[in-house]
Amino acid sequence: MIERPRILLDEHLQTTRLERAWTAPACWYTDPGMHAWELDTVFRPAWQLLGHVGSLVNPGDFLVSDIAGAPVLAVCDRDQRINSFYNVCRHRAGPVAAGRGQCSLFRCRYHGWVYGLDGTLRHTPELGEVAGFNRGSHGLHGIESHITESLLFVRQSNTNRANGTDIDRVMREIDARISPQQLGNQTFHTSVSYTIDCNWKVYVDNYLEGYHIPQVHPELADILDYRDYKTEILDGYSLQYSNIESATSAYSAGAAYYYFIFPNTMLNILPGRLQTNVVIPLAHNRCRVDFDYYYTDTESDSARVQIDEDLRFGDLVQQQDGTICEQVQRGLASGSYEQGRLSVAREACVHHFQECLRKVFRDPIG
Ligand code: FES
Ligand SMILES: [Fe+2]
């Protein structure tokens, strides 16, 4: 494990009740040394959402993603098992696949080595007589994966110690809570990614409170019942929920659930629609947020109109969040700000997230 950054002071790692709490200090968001530390302590031991099994049903269906610190590939093999690998060729580390789709073999996009759906190396064009080369030991490296409630998660470092988030329990609890909505009957529709010039925690903090909705998202405030906006702190995750009082062009009426699973997975569940967000740290002051949209009905004319409107509205809200997050990052880096206080009424989930981080930083899993 890399050394703990010097800016991580013991006094900032103490557990504090919300009423007495201060936010995480600005240096946690602006110090370049935090990036490698967090990849090591927060992300590698954590389950990372890769996608929905509905995208991996037929032999050869595959999807690729860059989870924090690692390019990853999942594929349905000829026995209809889902395999997960690092998307890293054993020759000189090129990518063997890109995007999502269907194929019968993977051909590395650098020099064309060929791998089967089971990850075995099948063909090495023009390799010649390389001494001692054993094709059988040059298959793609696997990555630990787990499917729960139709979602596929991967994890980079296997650890025997609990990492704070038992993904099976969390997903079972979510599935029971959102009934009669179901995660299983959703069909993948679209992926959209946004790169934002802010630390990944700025984006997560922002996601975890509805406090900013009236100011930053006036259009969303008109739809959600802000007075009815509630939060729940749970073990390893949190929930914000609200009612959509009447159907709009983008949403059907009903309960809206916004789940955050520590450290970086968000499930936004509305009637007939699942939107997942995964926040990927790219540097201390830059992150990418990968949005996947799923719907129960992607075919009917009325569904298509509603989906178009959902995508348009989702993009508007995201642009608003990206703009405010970049402004907050500049504020944090200004030298004028150290720590702030949190709203007891509106920022319990932010506090919970920061307490989860403090716990990991105090006692990192190596
Ligand atoms: S890096 Fe894959 S074939 Fe060379
Ligand atoms: Fe927002």
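Cut-off values and rules
Residues numbered from 1 in each chain as written. Chains lettered and ligands numbered in written order. Predicted model: local features only at pLDDT ≥ 70, side-chain atom pairs only at ≥ 80, totals over all residues. Heavy atoms only, no water. Core = buried A, V, L, I, M, F, W, Y, C linked by side-chain atoms within 4.5 Å. Buried < 20%, exposed > 50% of the residue type's maximum accessible area, 1.4 Å probe, protein only. Helix = DSSP H or I, 4+ residues; strand = E, 2+ residues; numbered from the N terminus. Contact = heavy atoms within 4.5 Å. Pairing = 2+ DSSP bridges. Axes fitted to C-alpha atoms, helices over the stretch in contact; angles between N-to-C directions. Donors = N, O, S within 2.8 Å, 3.2 Å for Na, K, Ca; no water. Tetrahedral: all angles 85-135°; square planar, octahedral: opposite > 155°, others 65-115°. Phe/Tyr/Trp six-rings, centres within 6.5 Å; stacked < 30°, edge-to-face > 60°. Lys NZ or Arg CZ within 6 Å of the ring centre and 35° of its normal. Left-handed = near helix turned anticlockwise from the far one by under 90°. Nonpolar A, V, L, I, M, F, W, Y, C, P; charged D, E, K, R; others polar. Domains from an automatic or database assignment. Buried area = accessible area lost by both parts, 1.4 Å probe. Salt bridge = Lys/Arg side-chain N within 4 Å of Asp/Glu carboxyl O. Polar contact = N/O pair within 3.5 Å; in protein donor to acceptor, adjacent residues only side chain to side chain.

Draft legend 1. Representation of the nonpolar core within the structure. Membership of the largest hydrophobic core comes to 57 residues, with the highest contact counts inside it found for Trp 28, Trp 200, Tyr 203 and Phe 361. Looking at this core element by element, the count peaks at 8 residues for helix 8 (residues 348-362). If near-sequence neighbours (up to four positions away) are discounted, Tyr 203 is found in contact with Ile 196, Cys 198, Met 266, Val 279, Cys 287, Val 289, Phe 291, Gln 318 and Cys 325. If you look at the next biggest cluster of nonpolar residues, it comprises 21 residues, including Ile 174, Ile 269, Val 278 and Tyr 294.

Draft legend 2. The arrangement of the sheet that holds strand 9 (residues 144-148) in detail. Across the sheet, 3 strands lie side by side as 1-10-9; this open sheet has antiparallel pairing. Looking at the sheet topology across the chains shown, the edges are occupied by strand 1 (48-52) and strand 9. Put simply, the sheet's adjacent strands are angled 30° from each other on average, direction ignored. Of the pairings in the sheet, the one linking strand 1 to strand 10 (residues 151-155) comprises 4 bridges and is antiparallel in character. Looking at strand 10, one finds that Gln 48 is bridged to Val 154. In this fold helix 3 (residues 167-178) packs onto strand 9 and strand 10, with an angle of close to 20° to the strand it touches most, strand 9.

Draft legend 3. The arrangement of the coordination of the iron ion (ligand 2) in detail. At the metal site, the iron ion (ligand 2) is ligated by His 212 (NE2), His 217 (NE2), Asp 321 (OD) and Asp 321 (OD), and these contacts range over 2.0 to 2.6 Å. Its 4 donor atoms give the iron ion (ligand 2) angles of 55 to 151° at the centre, a pattern that matches the irregular case. In the primary structure, the donors to the iron ion (ligand 2) are separated according to the pattern H-x4-H-x103-D. With His 217 in the loop between helix 5 (213-216) and helix 6 (218-223) and Asp 321 in helix 7 (residues 301-332), this pair connects stretches of sequence that are 104 residues apart. For Asp 321, a relative accessible area of 10% puts it in the buried group.

Draft legend 4. Looking closely at the packing of aromatic side chains. Scanning the entire structure with this criterion turns up 15 aromatic pairs. Plain terms: the ring middles of Tyr 257 and Tyr 259 are 6.3 Å apart, the flat faces sit at 10° to each other, and that makes the pair stacked. Residue Tyr 257 shares its accessibility class with Tyr 259, and that shared class is buried. Ring centres 6.1 Å apart and planes at 50° place the aromatic pair Phe 262 and Phe 353 in the tilted group. Placement of Phe 262 in the loop between strand 14 (254-261) and strand 15 (265-270) and of Phe 353 in helix 8 is noted, with a sequence separation of 91 residues between them. Considered together, Phe 262 and Phe 353 belong to a single accessibility category, that of buried residues. The rings of Phe 43, Trp 200, Phe 260, Phe 262 and Phe 353 are connected pair by pair, giving a single aromatic cluster. Just above the ring of Phe 188 sits the side chain of Arg 100; from NZ or CZ to the centre is 3.6 Å.

Draft legend 5. Representation of the packing of helix 4 (residues 200-207) against helix 8 within the structure. It is the contact of helix 4 with helix 8, at a shortest axis distance of 8 Å, that shows an interaxial angle of 145°. Crossing geometry of helix 4 relative to helix 8 is assigned as right-handed. Where helix 4 approaches helix 8, its residues Trp 200, Lys 201, Val 204 and Asp 205 are matched on the opposing element by Val 350, Phe 353, Gln 354 and Leu 357. Partitioned by chemical class, the residues of the contact of helix 4 with helix 8 number 5 nonpolar, 1 polar and 2 charged.

Draft legend 6. Quick peek at the domain arrangement of the protein chain. Each domain of the protein chain was delimited in the assignment, giving domain 1 (10-45 + 165-362) and domain 2 (48-148). The straight-line distance from the C-alpha centre of domain 1 to that of domain 2 is 30 Å. Counting residues at the interface gives 23 residues for domain 1, matched by 13 residues for domain 2. Across the domain 1 to domain 2 interface the summed buried area is about 1,300 Å²; carbon plus sulfur atoms make up 53%. On the domain 1 side of the interface with domain 2, the three residues burying the most area are Asp 168, Phe 188 and Tyr 294, jointly 25% of the side's total. Counting the contacts that link domain 1 with domain 2 gives 1 salt bridge. Among the ionic pairs, Arg 100 bridges to Asp 292, the shortest N-O distance being 3.7 Å. Seen at the junction of domain 1 and domain 2, the total is 6 residue pairs in polar contact (both at pLDDT 80 or more). In terms of residue count, strand 16 (residues 273-283) provides more of the side of domain 1 that touches domain 2 than any other element does, 5 residues in total. Taken together, the residues of the side of domain 1 that touches domain 2 break down into 13 nonpolar, 6 polar and 4 charged.

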